[in-house]
Amino acid sequence: MNKITLIFLFGIFSISLHSQQTLVKGSVLDALTFESLENVSVTIENSNLSMETNILGEFLFEKNLPLGEQILRVSKIGYISKRFPIIINENETVDIAGITLDLDTTATSNLFTITLSDDELNDDSSGADNISGLLASSLDVFQRTAAFEFSPSFFRLRGLDSKNSTLLINGIEMNKTYNGRPQWSNWGGINDVLRNQELSTGLAPSSYSFGGVLGTNNINIRASQTRAGGRITYSSSNRSYSNRLMATYASGLLKNNWAYTVTLGRRWGNEGYQEATSYNSNSFFTSVEKIINENHSLSFSAIYTPNRRGKSSPNTQEVFDLKGIKYNEYWGWQDGENRNSRIKEVSEPNVMLNHYWNLNSKTKLNTNIAYQFGKMGNSRLDYNGKDLIDGFPQGGGANPSASYYQKLPSYFERNFPDQLGFAYQALQTFQDGGQIDWNAMYSTNIANAQSGGNATYALYEDRVDDKQLTVNSILNKEINDHVNFNAGINFKSLNSENFAQVLDLLGAETYLDIDGFATNINEAQNDLLNPNRIVGVGDKFKYDYNIFANEIGGYAQTQFSYSKTDFYVAASLKNTQYQREGIYQNGGFPDNSFGKGDKLSFMGFGAKAGFTYKLSGKHVFNINGGYISRAPTLQNTFSNSRENHNVVPDITEEKITSAGASYVFRSSVVKAKLTGYYTKVTDASEISFFFADGIGGDNLAFVQEILQGIEKQHIGAEFGIEAQVTPTIKLKGAAAIGQFTYNNNPNLFLSTEPDDEALAAGFIDGFKDFGQSKLKDYKLAAGPQNAYSVGFEYSDPDYWWFGATANFFANTYIDVSPLTRSSNFSTDFDGNVFNDYDEVLARELLKQERFDDYMVVNLIGGKSWKVGEYYIGFFASINNLLDQVYKSGGFEQGRNANFRELRDDKALDTPVFGSKYWYGRGTTYFLNLNVRF
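Engineer: For this particular structure, what's the right way to read the overall build of the protein?
Structural biologist: Within the protein one finds ten helices and 48 strands. A globule of 933 residues ought to have a C-alpha radius of gyration of about 30 Å, and the protein, at 30 Å, matches this closely. On the principal axes, the C-alpha backbone points of the protein span a range of 105 × 55 × 55 Å. Sorting the 933 residues of the protein into buried and exposed places 56% on the buried side. If you sum the accessible surface of the protein, you get close to 39100 Å²; carbon and sulfur atoms cover 54% of it. Counting 81 positive and 102 negative side-chain charges, the protein places the centres of these two groups 8 Å from one another.

Rendered as structure tokens:
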């Protein structure tokens, strides 16, 4: 070995001169998690001395030791082997504590990270929210299984979404203020630099943040701590994208104490598993770090991952029966190519500056500043364009969706039961085509424009342009050998501009910017300051407002560690302020939409504590408990921020109480963990938007449904076990058994435009209180509440591997409609109960749908080679090998808002407004080839 290596190694090895016995001892840790590694092979080369580390990762040689210069080799399957030069002197101890081994990224233990974070998590819809922040391979077999096996089925850890975990990059929180969740696509395609992670699960303590009830994950992207070398990766898949190409190079720490890392990537494809779900994404990453001296280091990082992809639609059972699970209503043919009307585009660069200061050997201060900016857009079709005729808006088109309810056979069966030829014709038309007719929309617009009119159809996007500044400082102090203190302070400021923008007028030049559903010309104005405004491509229209959000908070935490017990206590405090500023004066809310509204302020508090008892090296017991109150997200604070300043009635902080207890067993062969948990959420609010038929009798209205004071209960158990039955074969199993329910009857409000129709339906100033929604004991739509997995892994000494799992899912429920569980369901226009109301039938109609149980089989395998100084790795995975068809989620449509509407609709074999579902993917594959140098 070269001299630099020898000097470094001798510097970190502590050699005791006080012992009267010749010993070589030490310990081995995982370089990513710093957890002890057992069953690590430790050998003194050119001797017969070899042993494996114990449960605590320790080893000890004390007999027949060769004296002088020796080589110590440390190796474990799935990790990169290391060789260390040592000098053994008689009657002296060589104490090598804290040896770290890096995961071999060509081995099975780290392959899943590549697949999961790039494919499943990069889809930030509800399907991506399922594993609540697990990006990395974890030593906990249950969490690995939840991330890699359960996630495609919309599984959520403990029935909670990712706003209950905290994701940080270089100590900076990445959770969005709007919905509390990380925007995964903002760092998609830079997998190689996301491997250095520190994960704390549940309420366990973290050195970087107070965290949530699902834990904290900090991703370290410092250039000095990225493994030196290069890596080129090509992947192919039929899931979200077809192709992926990535290249990464890290310099390591150079002689001048500089280090840098650069990553470039691209993912693309014309279609994923669903129809017309195109994918186009580029990724750029750089990090530069200067180690100024032994006490100071400065790091700069920039992440830019613009991405654009086509969305897919949820479908009713009728549509699925006619078109299959790949059907997507959002697209149609144009000039020989498929064109998706629903495109999500995200381009939000993030730059950060980090300062690391070692105040002394036991105190570290990390100060960070980050700035994120850019845009996020979701496109859709508008089909209600108007012309002013005699001063009043007239016109409008038909819904262009081929699966619009008035175009499906069920509509004609219900409304023309004696003329089933209409239904048959609709059936044939839908089966033969069933897609958006772009040419028809162009023809309509062109014809209207030629006669001096405006566009009837338009393609536009709902835009969010955020500018966010984050500043924080994190202190870590080792008070003594047993006590560590952590504290942090954080400030976040968000300026969010929200508006609609015209993308394409489909052959026309102008569009009349009014609300086509309003009943009078004043209420129709989207902006009274610019009445009857004519807009073109690139113009803002419909709505325009800003949201200002400021957060300031801090936390403190003390951790105690002793030979038999560990425990900790932590507390946090955060103040959150929101304010809306209307740029438009909405005609429906002229006095409550323009300018700045009231400033809202929320004070959140958190406290948690935990205790660990180490009965022995094999048996460990752990218990954690905590209470968190937090501000409601922006998404669930303003009832209809596009039109007015109104907020959810009696809005207050959301409260979470949680507790969990675990038993851990670790031996040389078996690792197992059993956890029981209880979480209660109170004072939550949720807002949804839809057309409802049957409001206050038989009135139709587009409403904002506000559910306030929600209480939820999550209770269950998690179990994971793995057994290394031979040096090459590992058996594994996991189970998640939960019950996630509404625990009260929350309050239900509706708001809508304050027009004549709303007045007839009993709304006052566009608002109506429906009292309680009878949701208590209904199951939450949180993916499968029960999930089980059994499988094995085979790792051959010749660097090839294979694994298979069978995964079983049960107790998945539809998301029920709160409106149909309110007083509106049984009440006629006069406020009395329907004279034909049947309570027995009503209970049957309101019974929550439980989806069929199902099983999914997954396979993975691969091989790695060393060719000269290059390492080549290949692996392949197949998900849902048996092509199982299953519903992974869905929701009841709120259109049938009362007993009569729902009764008449469900009386049909195929309801017109049946529930809409998402289906899991059929058989999919992922192939990956990488070269490391």
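Still to come is the rest of the account.
Engineer: Quick question: what am I supposed to make of the packing of aromatic side chains here?
Structural biologist: Describing an aromatic ring pair means giving the distance of the ring centres and the angle of the ring planes. Applying the stated criterion to the full structure yields 38 aromatic pairs. Both rings, one in Tyr249 and one in Tyr260, keep their centres 6.2 Å apart while their planes meet at 45°; by these two values the pair is tilted. In this pair, Tyr249 is assigned in strand β14 (residues 243-250) and Tyr260 in strand β15 (residues 258-269), connecting sequence segments eleven residues apart. For the ring pair Tyr543 and Tyr545, a centre distance of 6.1 Å and an interplane angle of 40° mean the geometry is tilted. Exposure class is identical for Tyr543 and Tyr545. Each is buried. An aromatic cluster is present here, built from Tyr404, Tyr405, Tyr411, Phe412, Phe416, Phe422 and Phe913 joined pairwise through their rings. Directly above the aromatic system of Tyr330 lies the positively charged group of Arg342, at a separation of 4.4 Å from the ring centroid. Across from the ring centre of Tyr917, 3.8 Å away, lies the NZ or CZ of Lys887, which sits over that ring.

Engineer: Please explain helix α10 (residues 899-906) as it appears in this structure.
Structural biologist: Three- or four-residue spacings in an α-helix give side chains the same orientation, since the helix completes a turn every 3.6 residues. What α10 keeps buried is the set Phe899, Glu901, Leu902 and Asp905. Between the side-chain oxygen at the start of α10 and the backbone nitrogen of Arg900 there is a gap of 3.2 Å, and the oxygen is on Asn898.

Engineer: Teacher, can you tell me more about the nonpolar core here?
Structural biologist: A general tendency of soluble globular proteins is for nonpolar side chains to be buried together. One finds Ile695 and Leu819 to be the most contacted residues of the largest nonpolar core, which totals 62 residues. Among the elements that take part in this core, strand β37 (residues 670-695) stands out by supplying six residues, more than any other. For Leu819, the contacting residues outside a window of four places in its chain are Phe690, Ala692, Ile695, Glu705, Leu748, Leu750, Asn824, Phe825 and Ala897.

Engineer: Can you help me understand the sheet that holds strand β6 (residues 68-75) in this one?
Structural biologist: Sheet strands line up and pair through hydrogen bonds in the backbone, either parallel or antiparallel. Sheet architecture is open: four strands sit in the order β4-β3-β6-β7, paired in antiparallel fashion. Looking at which strands have only one partner, the edges of the open sheet turn out to be β4 (50-52) and β7 (82-88). The sheet shows a mean angle of 25° between the axes of neighbouring strands, taken without regard to direction.

Engineer: Which parts of the structure should I look at to understand the pairing of strand β34 (residues 600-614)?
Structural biologist: When a strand is regular, its side chains alternate between the sheet's two faces. Bridge analysis of strand β32 (residues 565-582) against β34 gives 14 bridges, and the strand direction is antiparallel. Within the sheet, the bridge partner assigned to Lys574 lies in β34 and is Gly604. Sheet analysis places β34 next to strand β35 (residues 619-630), joined by ten bridges and oriented antiparallel. Paired with Lys608 across the strands is Gly626, a residue of β35. Turn length for the β34-β35 hairpin, with the two strands adjacent in sequence and antiparallel, is four residues.

Engineer: When you look at the sheet that holds strand β47 (residues 916-919) in this model, what are you seeing that I'm missing?
Structural biologist: Taken in spatial order, the three strands make up an open sheet running β19-β47-β46, and their pairing is antiparallel. Strand pairing shows two members of the sheet lacking a second neighbour, β19 (315-316) and β46 (887-891), which therefore form its edges. Bridge count for β46 against β47 is four bridges, and the pairing is antiparallel. The partner of Gly889 across the bridge, within β47, is Trp918.

Engineer: How should the pairing of strand β26 (residues 392-395) be read in this particular structure?
Structural biologist: Sheet topology places strand β25 (residues 386-389) next to β26; four bridges connect them, and they run antiparallel. Paired with Asp387 across the bridge in β26 is Gln394. Taken together, β25 and the strand that follows it, β26, pair antiparallel across an intervening segment of two residues, in which Asp390 is found at a positive phi of about 55°.

Engineer: Sorry, what's going on with the pattern of salt bridges here?
Structural biologist: Opposite charge on two side chains makes pairing possible when the charged atoms of those side chains draw close. Summed over the entire model, instances satisfying the criterion amount to 40 salt bridges. As a salt-bridge pair, Asp904 and Arg903 come within 3.1 Å of each other at their nearest N and O atoms. With a relative accessible area of 23%, Arg903 lands in the partly exposed category. In this structure, a network of salt bridges that share partners links the residues Asp828, Asp836, Arg900, Arg903 and Asp904.

Engineer: Can you walk me through the environment of Phe874 in this structure?
Structural biologist: Relative to the helices and strands, Phe874 is located in strand β45 (residues 870-879). Sequence spacing of Phe874 and Thr233 is 641 residues, and the spatial spacing of their C-alpha atoms is 9.7 Å. Residues within four places of Phe874 in sequence aside, it is in contact with Trp801, Gly861, Gly862, Lys863, Trp865, Leu927, Asn928 and Leu929.

Engineer: Got a minute to help me understand the side chain of Asn399 in this structure?
Structural biologist: Following the sequence through the fold, Asn399 ends up in the loop between β26 and α5 (409-415). Residue contacts for Asn399: discarding those within four places in its chain leaves Tyr383, Tyr404 and Lys407.

Engineer: I'm lost on the environment of Gly873 in this one. Help?
Structural biologist: As for its placement among the helices and strands, Gly873 is situated in strand β45. By relative accessible area, Gly873 is classed as buried at 2%. C-alpha of Gly873 to C-alpha of Glu35: the two residues are 838 residues apart in sequence and 26 Å apart in space.

Engineer: Would you explain helix α7 (residues 438-450) in this entry?
Structural biologist: With 13 residues, α7 extends 18 Å between its outermost C-alpha atoms, agreeing within 8% with the 18 Å of an ideal straight helix rising 1.5 Å per residue. Within α7, burial applies to Trp438, Met441, Tyr442, Asn445 and Asn448. Buried residues of α7, viewed axially, fall in a sector of 135°; they line one side. Looking at the buried positions of α7, the neighbouring elements they touch are β20 (331-334), β21 (337-340), β24 (363-382), β25 and β28 (483-504). Put simply, Asp437 is the residue that caps the front of α7, since its side-chain oxygen is 3.3 Å from the backbone nitrogen of Asn439. Positive backbone phi, at 90°, marks Gly452, one or two positions downstream of α7.

Engineer: Where do I start with unusual backbone geometry in this structure?
Structural biologist: Glycine aside, residues mostly have negative phi angles, and peptide bonds mostly take the trans form. Despite not being glycine, Asn91 has its phi angle at roughly 65°, a positive value. Structurally, Asn91 can be placed in the loop between β7 and β8 (93-101). Since its relative accessible area comes to 35%, Asn91 is described here as partly exposed. Its identity as a non-glycine residue notwithstanding, Tyr799 has a phi of 65°, on the positive side. The residue Tyr799 is located in the loop between β42 (786-796) and β43 (800-810) in this model.

Engineer: Could you clarify how one ought to interpret the side chain of Ser751 in this entry?
Structural biologist: Its place among the elements puts Ser751 in strand β40 (residues 747-751). Owing to a relative accessible area of 7%, Ser751 belongs among the buried residues under this scheme. Among the polar contacts listed, one links the side chain of Ser751 to the side chain of Gln704, at a separation of 2.7 Å. With sequence-adjacent residues up to four places away left out, Ser751 is seen in contact with Ser639, Phe702, Val703, Gln704, Ile706, Phe763, Gly766 and Phe767.

Engineer: Teacher, can you tell me more about the environment of Val351 here?
Structural biologist: Within the fold, Val351 resides in strand β23 (residues 350-360). We classify Val351 as partly exposed; its relative accessible area is 28%. Along the chain, Val351 and Ser47 lie 304 residues apart, while their C-alpha atoms are 52 Å from each other. Those residues within four positions of Val351 in sequence are excluded, and the remaining contacts are Phe300, Ser301, Ala302, Ile369, Ala370 and Tyr371.

Parameters and conventions
Residues numbered from 1 in each chain as written. Predicted model: local features only at pLDDT ≥ 70, side-chain atom pairs only at ≥ 80, totals over all residues. Heavy atoms only, no water. Helix = DSSP H or I, 4+ residues; strand = E, 2+ residues; numbered from the N terminus. Rg over C-alpha atoms; globule rule 2.2 N^0.38 Å. Buried < 20%, exposed > 50% of the residue type's maximum accessible area, 1.4 Å probe, protein only. Areas by Shrake-Rupley, 256 points an atom, 1.4 Å probe, with all protein chains shown as cover. Lys, Arg positive; Asp, Glu negative; His and termini not counted. Charge placed at Lys NZ, Arg CZ, Asp CG, Glu CD. Phe/Tyr/Trp six-rings, centres within 6.5 Å; stacked < 30°, edge-to-face > 60°. Lys NZ or Arg CZ within 6 Å of the ring centre and 35° of its normal. Polar contact = N/O pair within 3.5 Å; in protein donor to acceptor, adjacent residues only side chain to side chain. Core = buried A, V, L, I, M, F, W, Y, C linked by side-chain atoms within 4.5 Å. Contact = heavy atoms within 4.5 Å. Pairing = 2+ DSSP bridges. Axes fitted to C-alpha atoms, helices over the stretch in contact; angles between N-to-C directions. Salt bridge = Lys/Arg side-chain N within 4 Å of Asp/Glu carboxyl O. Expected span 1.5 Å × (residues − 1). Arc of directions from axis to C-beta.

None of this, on its own, says anything about what the molecule does.
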